[in-house]
Amino acid sequence: MFLQRAAVTLRYSTRFISTRSTHDISSVISEFNKEMESVFGETPPIGMSGSAQEPGFSSYELASSTSDNFVVKESILASQIANKNVLGLTHVGSTGEAQMVDVSPKENTKRTAIASCKVILGKKVFDMVSANQMGKGDVLTVAKIAGINGAKQTSSLIPLCHNITLTHIRVDLMLNPDNYSVGIEGEASTTGKTGVEMEALTAVTTAGLTVYDMCKAASKEIQITDVRLEHKTGGKSGDWKRNTNSDDMSIKNEKD
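Please read these numbers as outputs of a predicted model, since none were measured by experiment. (Residues numbered from 1 in each chain as written. Predicted model: local features only at pLDDT ≥ 70, side-chain atom pairs only at ≥ 80, totals over all residues. Heavy atoms only, no water.)

## Structural notes on the overall build of the chain
Then step 1. Summing up its helical and strand segments, the chain has nine helices and five strands in all.
Then step 2. Put simply, the chain runs from its N terminus to its C terminus through helices and strands in the order α-α-α-α-β-α-α-α-β-β-α-β-β-α.
Then step 3. At a minimum sequence separation of 6, the contacts of the chain that also span at least 24 residues come to 65%. (Helix = DSSP H or I, 4+ residues; strand = E, 2+ residues; numbered from the N terminus. Contact = heavy atoms within 4.5 Å.)

## A short note on the environment of Asp102
Then step 1. You can see Asp102 is positioned in the loop between helix H4 (59-85) and strand E1 (109-120).
Then step 2. Taking the relative accessible area as the measure of exposure, Asp102 reaches 57% and is therefore exposed.
Then step 3. A C-alpha to C-alpha distance of 9.8 Å links Asp102 and Lys193, two positions 91 residues apart in sequence. (Buried < 20%, exposed > 50% of the residue type's maximum accessible area, 1.4 Å probe, protein only.)

## Brief notes about the packing of aromatic side chains
Then step 1. All chains considered together, the criterion is met by one aromatic pair.
Then step 2. Ring geometry for Phe126 and Tyr180: centres 5.7 Å apart, planes at 65°, overall edge-to-face. Of this pair, Phe126 sits in helix H5 (residues 123-130) while Tyr180 is found in the loop between strand E2 (168-176) and strand E3 (181-192), placing the two residues 54 residues apart along the sequence.
Then step 3. We classify Tyr180 as partly exposed; its relative accessible area is 31%. (Phe/Tyr/Trp six-rings, centres within 6.5 Å; stacked < 30°, edge-to-face > 60°.)

Below is the structure:
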């Protein structure tokens, strides 16, 4: 009966100590000593009270053991939190490091992506581009070629993108007199193991930067805005399309 009581008390005490911080270790040891005294009917060995050192077991060793246990538990907790934070981020490894995704287990599927952006020129520059009067030449044609070339260079620009074979690239630029802007749309296609969203986004971004470069001598107020993915097909996640209604609603709310 005595041994059973001692075993129960020791298990409780060990669990109590292992969950406490090292900042109040002295009070933990003191409470532990009181529990031991209630079980054995006498003060525990002096080595455990910290007043003297006893070979094989001391208050320092108990504190050290408790501290180690606390650190280990904190490390495990931090690891669990980190794993939850990176859930779904395939470019982040188990320890938080950057990594290139291994797509070898995936099946080859037909994949397409469409992206868009807008370059706001202002009336003066817009009129010059419309009349093809820019000193560097035909803005829209040069930007179109730049966008196609940019899509093909995506893996060189974005470190963790795969170098994939593109089967089709389309870049269209449209003048919009309502807000004196150039609307740019880019499409990329491939048959492979990974998507082409980045290629489509790089195409429109490169085209937009080229429009800026071609026109910057006439104005420094030019803005490149609304770079975004519009639509994608293929792959494990299937098809996706931007909800234009929600975009219209957000624009309306901003005006309100």
